[in-house]
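Structure assessment
If you want the building blocks of each chain, they are given just below.
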Amino acid sequence: MKMDNKLLEDLNEQVNREFYAAYLYFAMATYFTEINMEGFAKLTKNHAKEELDHAKRIYDYIILRDEKVNLLKIDAPDTNWNNPIDAINAALDHEKFVTDNIHRIYKTSKEKGDYPLEVFIQWFVQEQVEEEHLFQSMLDKMSHVQDCSCEIVNIDRELKLESNYVE
Ligand code: OFO
C-alpha cells in the first residue's frame, strides 16, 4: 500500500525528531557528567540510546513500506539548564512535544485508512505514556526536595545503583 505523501513526510520528520531527542539526552548526559551527577548521566545516556532505537524503528518501517527515507538536519539542543530540575523539566517538555506528534501521526493514519501505519504507530503511543511517566515521576520526587541539593545527590546515587540503567 502506497503511503500518503503528507504522512510519509511526517514520518520522516519523526525520524528526525527521534534523532534530535537522542542529541538532547546525550547533551543532558554531558551536563550531568559535568556537575558530577553520575546517576542522572547514566539515565539520560541510556535514554539517548532508546531514542536512537526509536529513530531506527521508524527508519526501518519506511523502508519496509518501500518508501523513501529522507534524513533531515538535526538541530543542536538548547543546553542552558540551571540545575538538575531544570534539565529534567526540559526532558518532560520534550516528551510531551513528541507525544503530540505521535498522536497526530496516529490520527492521520486512521483518517487516511493507512491501517498498517496505524498499528505500527500504536507501539509509540504506548511508549510515550511510559516516557512521560518516567520524567514526571522523577520531577515529582525532585520537587519535594526543593533547594536541598543533598537530597538530589541521594536521588543521583539511587539512579546510579539502578541495574537497568546500563552503560
Ligand atoms: Fe522519548 O520517546 Fe522517542 O522521542
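Refer to the structure above for everything that follows.
Residues numbered from 1 in each chain as written. Predicted model: local features only at pLDDT ≥ 70, side-chain atom pairs only at ≥ 80, totals over all residues. Heavy atoms only, no water.

**Quick notes on the packing of aromatic side chains**
Basically, it comes down to this: Between the rings of Phe, Tyr and Trp (Trp by its six-membered ring), a pair exists once the centres lie within 6.5 Å; its type follows the angle of the planes, with under 30 degrees stacked, over 60 edge-to-face, and the other angles tilted. Categorising residues by exposure relies on relative accessible area from a 1.4 Å probe, with only protein chains included: less than 20% of the type maximum marks a residue as buried, more than 50% marks it as exposed, and the intermediate range marks it as partly exposed. Comment: the charge-over-ring label is applied if NZ (Lys) or CZ (Arg) is within 6 Å of the ring centre and within 35 degrees of the ring normal.
All chains considered together, the criterion is met by 7 aromatic pairs. A ring pair is formed by Trp123 and Phe124, whose centres lie 4.9 Å apart and whose planes are at 80°; its orientation type is edge-to-face. Taking the relative accessible area as the measure of exposure, Trp123 reaches 31% and is therefore partly exposed. Chaining the aromatic ring pairs together yields one cluster made of Tyr31, Phe32, Phe40 and Trp81. Sitting over the ring of Trp123, Arg57 keeps its end group 3.6 Å from the ring centre.

**Let's talk about helix α4 (residues 115-143)**
Here is the rule we go by: Strands here mean DSSP runs of E at least two residues long; helices mean DSSP runs of H or I at least four residues long; both are numbered from the N terminus. Here a helix's expected span is defined as the number of its residues, less one, multiplied by 1.5 Å. Bend, at a single residue, is the angle you get between axes fitted to the 7 residues ending at that residue and the 7 residues starting at it. Here a polar contact is recorded for every N or O atom pair within 3.5 Å, except that within protein the pair must consist of a potential hydrogen donor and a potential acceptor, and residues adjacent in sequence are included only if both atoms are side-chain atoms.
Compared with the 42 Å implied by 1.5 Å per residue over 29 residues, the 42 Å span of α4 between its first and last C-alpha is a close match. Of all the bends in α4, the greatest, near 30°, is centred on Ile121. Listed in full, the buried residues belonging to α4 are Leu117, Glu118, Phe120, Ile121, Phe124, Glu127, Gln128, Glu131, Phe135, Met138, Leu139 and Met142. Where α4 starts, the residue carrying a side-chain oxygen 3.1 Å from the main-chain nitrogen of Leu117 turns out to be Asp114.

**A closer look at the nonpolar core**
Stated formally: Take the buried Ala, Val, Leu, Ile, Met, Phe, Trp, Tyr and Cys residues and link them wherever side-chain atoms come within 4.5 Å; each set so joined is a nonpolar core. Throughout, a contact is declared for two residues whenever any of their heavy atoms are within 4.5 Å.
In terms of nonpolar packing, the biggest core is built from 24 residues, with Phe32, Phe40 and Ile88 touching the most fellow members. Counting residues per element, the ones that place at least two in this core are α1 (5-34), α2 (38-64), α3 (84-111), α4 and α5 (149-161). With 7 residues, α1 is the single largest residue contributor to this core. With sequence-adjacent residues up to four places away left out, Ile88 is seen in contact with Phe32, Phe40, Phe135, Met138, Leu139 and Met142. Grouped together as the second largest cluster of nonpolar side chains are 17 residues, Val15, Ala55, Ile58 and Ile102 included.

**Some thoughts on the packing of α1 against α2**
Put simply, the test is: Interaxial angle, 0 to 180 degrees, is taken between N-to-C directions of lines fitted to C-alpha atoms, where a helix line uses only the stretch in contact. By definition in this entry, angles of less than 35 degrees are roughly parallel, angles greater than 145 are roughly antiparallel, angles of 65 to 115 are roughly perpendicular, and the rest are oblique. Should the near helix be turned anticlockwise from the far one by less than a right angle, the crossing is left-handed, and should it be turned clockwise, the crossing is right-handed. Gly is placed with the polar residues, together with every amino acid not listed as nonpolar (Ala, Val, Leu, Ile, Met, Phe, Trp, Tyr, Cys and Pro) or charged (Asp, Glu, Lys and Arg).
Two elements in contact, α1 and α2, have axes whose closest approach is 8 Å; the angle formed by their N-to-C orientations is 165°. By the criterion of interaxial angle, the relationship of α1 to α2 is roughly antiparallel. Of the two elements, α1 crosses α2, and the hand of that crossing is left-handed. Residues that form the contact of α1 with α2 fall into these classes: 20 nonpolar, 6 polar and 3 charged.

**Focus: the pattern of salt bridges**
Filter applied, for reference: Put simply, a salt bridge is a Lys or Arg side-chain nitrogen that is within 4 Å of an Asp or Glu carboxyl oxygen.
Counting across every chain of the model gives 11 salt bridges. In this structure, the salt-bridge partner of Arg104 is Asp10, at a minimum N-O distance of 2.8 Å. Of this pair, Arg104 sits in helix α3 while Asp10 sits in helix α1, and the two are 94 residues apart along the sequence. Overall, the relative accessible area of 34% leaves Arg104 in the partly exposed class. The exposure class assigned to Asp10 is buried, which follows from its relative accessible area of 10%. Residues Asp114 and Arg65 are paired through a salt bridge, measuring 3.1 Å at the closest nitrogen-oxygen approach. Here Arg65 lies in the loop between α2 and α3 and Asp114 lies in the loop between α3 and α4, a separation of 49 residues in the sequence. For Asp114, a relative accessible area of 2% puts it in the buried group. Given the relative accessible area of 12%, Arg65 is considered buried.

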